[in-house]
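Listed here are the chains, written in short residue letters.
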Amino acid sequence: MGSASNSIAIHWFRQDLRLSDNPALSSALKSGRLLPIYILDEVNAEDAQIGDASRWWLHHSLMELNRSLKGNLRFYRGDATRILPKLAAETGAGTVSWNRCYEPWRIKRDTAIKEMLKEDGITVITENGSLLWEPWEILKSDGSPYRVFTPFYSQGRLNGRLPREPIAAPASISFAPADKYPETVDLAELNLLPRSNWTLKREPDWHPGEAGAQAQVRYFLENGLNGYKIRRNFPAAENRSRLSPHLHFGELSPHQVWHALSFKEHMPELDDDIGNFKTELAWREFSYSLLFFNPGLSNVNLQQKFDSFPWRSDAAALEAWQEGRTGIPFVDAGMRELWQSGYMHNRVRMIVSSFLSKNLMIDWREGARWFWDCLVDADLANNSASWQWVSGTGADAAPYFRIFNPVTQGTRFDPNGDYTRKYVPEIAALPNKWLFNPWEAPTDILEGAGIVLGQTYPAPIVDLKTSRRRALDAFSDLNDSRKAGVAS
DNA sequence: TTAAACTTCGA
DNA sequence: CGAAGTTTA
């Protein structure tokens with residue numbers, strides 16, 4: 001162990017911004033004195049640059065991680081394929097470790113780096129730090145990947161191992177000598193914080209970083225799990241985990257979440273809620289599997305027939321949707337929650353996505369792009385897979401003809417109107433009966449609530465009924481022309 | 001993780 | 001005649 005303890009082990013933090021349950025970090029610590037680094041690689045990311053909300057989160061998460069590492073985290077900015085081999089050579093590191101990422105551009109880059117390091121005689125350690133099951137572990141009996149969630153989860157995962165027990169945080173860390181290393185920059189020089197006034201609008205209830213992630217799990221288990229299965233659909237309720245950004249940046253591993261649930265499994269009354277929450281964790285796994293086996297997931301319709309779908313190009317409608325002024329209150333509430341907080345309740349995500357891709361008939365990729373820029377939990381696998389699911393272009397998707405009615409949905413899932421009134425205060429005085437469809441409210445009700453449609457709040461930019469019909473007709477044409485094409 | 005249209009049932 | 005169940009897209 002003498003030589004090992006003197007050698008330097010670089011751990012490259014990426015989507016694993018934590019010390020506990022970090023397999024590659026733990027391996028690195030056994031190999032030498034730790035040189036922890038982060039590289040903001042905007043060179044290889046090409047068109048997959050992270051958005052403003054994610055950059056804000058990343059900045060704060062890195063600050064927290066550096067604090068946990070007693071200020072030893074080294075920051076770099078640039079092409080990781082150049083920075084990492086150079087750093088390894090100049091520091092004489094014997095080991096480089098990282099936890100695997102699954103975005104296509106990262107796989108390509110990391111594979112190249114691994115080869116370069118190996119040629120230099122450096123030991124490369126890669127581990128699974130962010131998925132319960134590796135995509136290639138969950139396959140159908142013929143060796144092909146699942147395209148439908150239910151069998152993926154109910155049968156496929158049985159072929160994989162049980163999620164491992166979380167690894168404890170290292171008791172102590174021996175750091176590499178704190179000399180200057182080439183090309184190091186300060187965290188501030190990564191320029192992650194937005195220049196616009198966007199941050200001012202955000203609600204201050206996010207706590208990026210490992211400690212915040214742990215606190216959020218505890219909070220959810222005590223305050224959100226009981227009743228989760230039903231109440232998770234109600235955006236005004238506390239029954240959502242809000243773990244997505246923490247999981248995305250790896251401030252917390254899914255294994256830790258899975259394991260934390262086991263402490264509640266002695267309470268039979270929670271069985272349904274725990275089972276349902278595990279299903280949500282498994283959807284994340286399924287999204288990663290879809291991305292791994294369909295690298296074009298963020299841009300290519302999984303159902304090819306949608307390649308000829310007549311998406312409308314309507315810049316004004318897209319902008320109204322983005323800014324939460326479609327005149328459909330439940331949709332506007334969701335879009336404003338997104339803009340103000342960097343987050344949107346899952347039920348509402350489905351409704352605004354359905355509205356964009358069906359009622360407005362705007363290409364789901366426009367919506368995915370907006371979400372990508374606005375969400376603090378923007379995740380290529382989850383975002384792409386979910387948009388394809390809602391818009392009906394995915395393999396195992398809600399059928400295109402399944403169109404959410406935002407009035408019905410609001411009445412059903414925000415029955416007291418708390419969520420809608422919070423984000424659309426200009427119509428808060430409306431009684432519940434007309435809160436979700438003010439355009440149908442009697443004149444005296446509108447007057448009483450101080451509302452002039454088109455002035456104090458927009459008139460709806462589309463008629464729900466006719467736009468629904470338009471989408472269904474376009475979908476029907478798509479299928480007809482396809483049949484005709486096959487027949488001829 | 002749907003909704004509209006339609007049918008049936010019971011007051 | 002409205003509630004509740006069924007079918008269909």
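Everything numeric here is computed off the predicted structure, so don't read it as measured data.

## Brief notes about the domain arrangement of chain A
The parts lose accessible area when they come together, and the size of an interface is often stated as this lost area.
Phase 1 of the analysis: What the domain assignment lists for chain A is domain 1 (1-129), domain 2 (131-163 + 209-293) and domain 3 (304-487).
Phase 2 of the analysis: Between domain 1 and domain 3, a total of about 640 Å² is buried, with carbon and sulfur atoms accounting for 59% of that surface.
Phase 3 of the analysis: When the buried area of domain 1 at its contact with domain 3 is split by residue, G51, A53 and S54 rank highest and sum to 46% of it.
Phase 4 of the analysis: With five residues, the top contributor of residues to the side of domain 1 that touches domain 3 is helix 3 (residues 52-68).
Phase 5 of the analysis: Among the residues making up the side of domain 1 that touches domain 3, the classes are represented as six nonpolar, three polar and two charged.

## Digging into the protein's contact with DNA strand B
Phase 1 of the analysis: W283, R402, I403, N405 and Q409 are the nearest of the 14 residues found near DNA strand B.
Phase 2 of the analysis: When atoms of DNA strand B within 4 Å of the protein are split into backbone and base, the sugar-phosphate part holds 69%.
Phase 3 of the analysis: W283 places a polar side-chain atom, nitrogen or oxygen, 3.4 Å from a base oxygen of DNA strand B.
Phase 4 of the analysis: Between DNA strand B and Q409 there is a distance of 3.1 Å, counted from a phosphate oxygen to a side-chain nitrogen or oxygen.

## Focus: the sheet that holds strand 3 (residues 74-77)
Phase 1 of the analysis: Across the sheet, five strands lie side by side as 3-2-1-4-5; this open sheet has parallel pairing. One side of each edge strand has no neighbouring strand; the edge strands of this open sheet are strand 3 and strand 5 (123-127). Ignoring strand direction, the axes of neighbouring strands in this sheet form an average angle of 25 degrees.
Phase 2 of the analysis: Of the strand pairs in this sheet, strand 1 (residues 8-13) and strand 4 (residues 95-99) are connected by three bridges, and their pairing is parallel. Each residue of the ladder has a partner; that of H11, found in strand 4, is S97.
Phase 3 of the analysis: Against the sheet, helix 5 (residues 104-119) touches strand 1, strand 4 and strand 5, its axis set at about 165 degrees to strand 4.

The rules behind each value
- Residues numbered from 1 in each chain as written.
- Chains lettered and ligands numbered in written order.
- Predicted model: local features only at pLDDT ≥ 70, side-chain atom pairs only at ≥ 80, totals over all residues.
- Heavy atoms only, no water.
- Domains from an automatic or database assignment.
- Buried area = accessible area lost by both parts, 1.4 Å probe.
- Helix = DSSP H or I, 4+ residues; strand = E, 2+ residues; numbered from the N terminus.
- Nonpolar A, V, L, I, M, F, W, Y, C, P; charged D, E, K, R; others polar.
- Near = heavy atom within 4 Å.
- Polar contact = N/O pair within 3.5 Å; in protein donor to acceptor, adjacent residues only side chain to side chain.
- Pairing = 2+ DSSP bridges.
- Axes fitted to C-alpha atoms, helices over the stretch in contact; angles between N-to-C directions.
- Contact = heavy atoms within 4.5 Å.

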